[in-house]
Amino acid sequence: MIPIEDLLRFVREDAPWGDVTSETVVPDVICRAVIRAKDAGVVAGLAEARALFEHFGVTVRQHSADGRAVAPGATLFELDGPARAILLVERTTLNIIGRMSGIATRTREAVDAVRKVSPAVRIAATRKTAPGLRMLDKKAVVLGGGDPHRYCLSDMILIKDNHLALVPLPEAIGKAKQQSLYRTVEVEVETAQDAILAAEAGADIILLDNMAPDAVCETVRMLNERGLRDHLTLEVSGGVGAGDLAGYAATGIDIISMGALTHTVRNFDVSLDILKGVGTVRIL
């Protein structure tokens, strides 16, 4: 669960001096509202939305759960509380649910696609997330069945091409290993020869970057021939789309990381409607 203080930042961003429309137009009443899914997919962000509504005094009856597949029209929440409070956080909560559910849905589709070829292959995210939304994006990936990968630069050592432009590959891995035996060391390579060099230097994870499936297969074969494959985790990344997943899953690698899970999010459509009718509105 994302800390409530982090979630309240989004509300303050949306209403830094209050919701002037609701405060001007809407009377001080209790009302009932409902949040429904308008798309099919995996819902996420419900825990965060519920926390925001309850923080502002709204009673929430939850009809679904994070990580669950829903159909269009499914009721996610029924809400009872101050109309102004519901309207204050309406857009923030719908944005959270929409973005997180979009990520979770896309992740689940990718996970299902690779499992048809190789159940052992995992789908992972990258750090290509929107500013200020990384924890939400990463949680959504997990709810979709994926691996969050690194949350930040402090998590693990990942030696990339720009590091290697400054320090030779064996030296970089050697320095990383000397720094701590408790930190995983991953290195990004673009050729089979560099993958072998990285494995011989002691890398724990080798990221095969922007390599076509045929080149990945050849790299795996060469590592196996030299007895280097067994102690390694092999990851592929770099422009991987939905149509590429089956091909990469069949190559013998362990992880497919996809920036597309979070950097080009298709929002999941969700709506909030205040119900009209006898008994749904009560003046305080």
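Because the structure is predicted, anything quoted here is derived from the model rather than measured.

Undergrad: Please give an account of the overall build of the protein chain that cites residues and values.
TA: Counting secondary structure elements, the protein chain contains eleven helices and 13 strands. Over its C-alpha atoms, taken along the principal directions, the protein chain stretches across nearly 75 × 40 × 25 Å. Every one of the 284 residues in the protein chain was classed for burial, and the buried ones make up 48%. Carbon and sulfur atoms make up 53% of the accessible area of the protein chain, which amounts to about 13800 Å² in all. Placing the 32 positive and 37 negative side-chain charges of the protein chain at their respective mean positions leaves the two points 5 Å apart.

Undergrad: Any details on the sheet that holds strand β7 (residues 157-159)? Residues and values, ideally.
TA: Read from one edge of the open sheet, six strands run β6-β11-β10-β9-β8-β7, paired in parallel fashion. The two strands at the open ends of the sheet, each matched to only one other strand, are β6 (122-124) and β7. Between one strand axis and the next, the sheet turns through 25 degrees on average, direction left out of account. With three bridges connecting them, β6 and strand β11 (residues 255-257) associate as parallel partners.

Undergrad: Tell me what's going on with the environment of Leu136, and back it up with residues and numbers.
TA: Mapped onto the elements, Leu136 comes out in helix α5 (residues 134-143). Leu136 sits in the buried class, given a relative accessible area of 5%. In sequence terms Leu136 and Leu158 are 22 residues apart; their C-alpha atoms lie 22 Å from each other. Residues in contact with Leu136, not counting those within four places in the same chain, are Ile2, Leu7, Phe10, Glu48, Ile96 and Met100.

Undergrad: Could you give an account of helix α1 (residues 4-14), with specific residues and numbers?
TA: Residues of α1 that are buried include every one of Leu7, Leu8, Phe10 and Val11, and no others. End-on, the buried residues of α1 take up no more than an arc of 145 degrees, which puts them together on one face. Of the surrounding secondary structure, the elements contacted by the buried residues of α1 are α3 (46-55), α4 (83-115) and α5.

Undergrad: Got a sec to walk through the pattern of salt bridges? Specific residues and values, please.
TA: Here the structure, examined in full by the defined rule, presents 16 salt bridges. The residue Asp147 makes a salt bridge to Arg122 at a minimum N-O spacing of 3.5 Å. Residue Asp147 is found in the loop between α5 and β7, and its partner Arg122 is found in strand β6; the two are separated by 25 residues along the sequence. Assessed through its relative accessible area of 22%, Asp147 is described here as partly exposed. By relative accessible area, which is 46% here, Arg122 ends up partly exposed. The partner of Lys175 in a salt bridge is Glu171, and the shortest N-O contact between them spans 3.2 Å. Separated by four residues within a single helix, Lys175 and Glu171 lie in helix α7 (residues 169-179), roughly one turn from each other. Bridged by salt links that share partners, the residues Arg32, Arg61, Glu78 and Asp80 form one connected network.

Undergrad: If you had to explain the packing of aromatic side chains to someone new, which residues and values would you point to?
TA: A complete count under the given rule lists zero aromatic pairs for this structure. One residue, Lys138, lies across the ring of Tyr151, its end atom 5.9 Å from the ring centre.

Undergrad: Can you break down the side chain of Asp209 residue by residue, with the values?
TA: Mapped onto the elements of the fold, Asp209 is located in strand β9 (residues 205-209). Despite its burial, Asp209 remains without a salt bridge, the nearest opposite charge being carried by Lys160 at 6.3 Å.

Undergrad: A description of the packing of helix α8 (residues 192-201) against helix α9 (residues 213-225) should follow, citing residues and the corresponding values.
TA: Two elements in contact, α8 and α9, have axes whose closest approach is 9 Å; the angle formed by their N-to-C orientations is 40 degrees. Handedness of the α8/α9 crossing: right-handed. For the pair formed by α8 and α9, the contact residues are Ala192, Gln193, Ala195, Ile196 and Ala199 on the first element and Thr219, Met222 and Leu223 on the second. Its residues assigned to classes, the contact of α8 with α9 comprises six nonpolar, two polar and no charged.

Conventions used here
- Residues numbered from 1 in each chain as written.
- Predicted model: local features only at pLDDT ≥ 70, side-chain atom pairs only at ≥ 80, totals over all residues.
- Heavy atoms only, no water.
- Helix = DSSP H or I, 4+ residues; strand = E, 2+ residues; numbered from the N terminus.
- Buried < 20%, exposed > 50% of the residue type's maximum accessible area, 1.4 Å probe, protein only.
- Areas by Shrake-Rupley, 256 points an atom, 1.4 Å probe, with all protein chains shown as cover.
- Lys, Arg positive; Asp, Glu negative; His and termini not counted.
- Charge placed at Lys NZ, Arg CZ, Asp CG, Glu CD.
- Pairing = 2+ DSSP bridges.
- Axes fitted to C-alpha atoms, helices over the stretch in contact; angles between N-to-C directions.
- Contact = heavy atoms within 4.5 Å.
- Arc of directions from axis to C-beta.
- Salt bridge = Lys/Arg side-chain N within 4 Å of Asp/Glu carboxyl O.
- Phe/Tyr/Trp six-rings, centres within 6.5 Å; stacked < 30°, edge-to-face > 60°.
- Lys NZ or Arg CZ within 6 Å of the ring centre and 35° of its normal.
- Left-handed = near helix turned anticlockwise from the far one by under 90°.
- Nonpolar A, V, L, I, M, F, W, Y, C, P; charged D, E, K, R; others polar.

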